[in-house]
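# Examination of the molecular architecture
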Amino acid sequence: MGETKKVILRVKRQAGPKHAPRWEEFALNWRPAMNVIICLRDIAENPVTRDGKKTTPVTYESNCLEEVCGSCAMLINGKARMACSALVDSLPQPIRLEPLSKFPVVRDLAVDRSFMFESLKRVKAWIPIDGTYDLGEGPRMAPETQEQAYPLSRCISCGNCLEVCPQVNENNAFVGAAIISQVRLFNMHPTGAMHARERLEALMGPGGIADCANAQNCVKACPKEIPLTESIAEMNRQAWKQALLGWLFG
Ligand code: SF4
Ligand code: FES
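Just so you know, these numbers come straight off a predicted model, no measurement behind them.

Most peptide bonds take the trans form, and the phi angle of most residues other than glycine is negative. The amide bond that connects Gln-93 to the next residue, Pro-94, takes the cis arrangement and shows omega of 0 degrees. Locating Pro-94 in the fold gives a position in the loop between β4 (79-82) and β5 (95-98). Phi angles above zero are rare outside glycine, and Ala-33 is one such case at about 60 degrees. Mapped onto the secondary structure, Ala-33 falls in the loop between β2 (22-29) and α1 (36-45). By relative accessible area, Ala-33 is classed as exposed at 58%. For Asn-214, which is not a glycine, the phi torsion comes out positive at approximately 65 degrees. The topology assignment puts Asn-214 in the loop between α6 (196-203) and α7 (217-221). Exposure remark for Asn-214: the relative accessible area of 52% places this residue in the exposed category.

Here it is in C-alpha cells:
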C-alpha cells in the first residue's frame, strides 16, 4: 500500500489580541473534495503539528459552509477569500492561512469585523418599517430595478473588499466598498428611498465616498461578484447631486 497523500498547511496562530503571532505546520490526510474548512476540522479532531507536537484546535469562524454567511473569510496563500469554497486541490502547498489583516484578531483566524457592522449602522443599511401593525402591501418595485438590486443584495459582509482596499487602514476611516454598495441597494428600494438623503449624508461625511481612491481591488476580491465599482460611481453621482441641490436650495 502506498503512503496516504498529504495536505500541508501553515497556520498563523495567535492566542489573543495582545499575544505575539506564531506559525504552526500540519500534515493532514488528503481526501477528495477537501476544502480549507475540512482541513481546520481535521486539525480540531487531532490537534498535532507536523513535527508531532500536541497543540490546540485552530480558532476560526464558519457557519453556512456554502459561501452565504460570510464568516469564514481569511487570507489563503495571501489572498482574501472564503475558506469554505477554497478547494485544497486548487491551492499550491503548503497552504498558508492567516487572519484578515484589516480587522483586529480575536484569536488565530477569527477577527472582529465590528468596524464593518458599525459602518452599516452609520449609513442605515436597512429599510425602516413600523412593525407594530399591518402596513399592508408595500410599493411595487419595477422588474428592471429588481434586476439591478438583486446582485447588490448578495453581499455576505465577508469584508474581503475592505481587506484589499489600500484606503482601509489605521490612518483612515474609509467605510469601504461593501457599505457604499449597500447604500445604493437601500436607496434603490421604493420604501428605502424615503431615507436616501440620510444615507447619502452619512456617505458624504468623514470616511465616506470621497475617501475612495479608485484602486478597484474591491471588485476583484468580491466572492459574490458584486459590481462594486459601478456602485461607487453611482453613489458618487448621487452624492454630487445631493451636494449641488443643497448648495442651490439649502
Ligand atoms: S461586497 Fe463582496 S467582498 Fe465586500 S463584503 Fe460584500 S460580499 Fe464581501
Ligand atoms: S462558512 Fe459561510 S461563507 Fe464560508
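Attention shifts here to the site of ligand 1. Within the structure, ligand 1 sits among 13 residues, and Cys-155, Cys-158, Gly-159, Cys-161 and Cys-222 are positioned closest to it. Partitioned by chemical class, the residues of the shell around ligand 1 number nine nonpolar, three polar and one charged.

With that settled, the discussion passes to the packing of aromatic side chains. Describing an aromatic ring pair means giving the distance of the ring centres and the angle of the ring planes. By the definition in use, this model includes zero aromatic pairs. A cation sits over an aromatic face here: Lys-5 above Trp-30, 4.3 Å from the ring centre.

Moving on: the environment of Pro-32. Mapping Pro-32 onto the fold places it in the loop between β2 and α1. Along the primary structure Pro-32 and Ala-20 are separated by 12 residues, whereas in three dimensions their C-alpha atoms are 35 Å apart.

This paragraph deals with α6. Inspection of α6 places Ala-196, Arg-199, Leu-200, Ala-202 and Leu-203 among the buried residues, and these make up the whole buried set. Buried residues of α6, seen end-on, are gathered within an arc of 160 degrees and therefore sit on one face of the element. Looking at the packing, one finds that the buried side of α6 touches α2 (114-122), α5 (177-188) and α8 (228-249).

What counts, and where the lines are drawn
What you see as residue numbers is a count from 1 along each chain, following the sequence as written. Each chain gets a letter, beginning with A, and each ligand a number, beginning with 1, in the order they are written. Side-chain atom pairs in this predicted model are given and counted only at pLDDT of 80 or more, local residue features only at pLDDT of at least 70, and totals for whole chains, interfaces and linings cover all residues. As a rule here, side-chain values cover all heavy atoms of the structure and leave hydrogens and water aside. Going along the chain from the N terminus, every DSSP run of H or I of four or more residues is numbered as a helix, and every run of E of two or more is numbered as a strand. Buried residues are those whose accessible area, probed at 1.4 Å on protein chains only, stays under 20% of the maximum for their type, while exposed residues exceed 50% and partly exposed ones sit between those limits. The cutoff for a nearby residue is simple: one of its non-hydrogen atoms must lie within 4 Å of the molecule or strand. Each residue is assigned to one class: nonpolar for Ala, Val, Leu, Ile, Met, Phe, Trp, Tyr, Cys and Pro, charged for Asp, Glu, Lys and Arg, and polar for all the others, Gly among them. Two rings belonging to Phe, Tyr or Trp (six-membered ring only in the last case) form a pair when the distance between their centres is within 6.5 Å. Interplanar angles under 30 degrees mark stacking, angles over 60 mark edge-to-face geometry, and anything in between is tilted. Note on geometry: a ring has a charge over it if NZ (lysine) or CZ (arginine) is within 6 Å of the ring centre and within 35 degrees of the ring normal. What the arc describes is the spread of directions from the helix axis to the C-beta atoms. By definition, residues are in contact when any of their heavy atoms lie within 4.5 Å.

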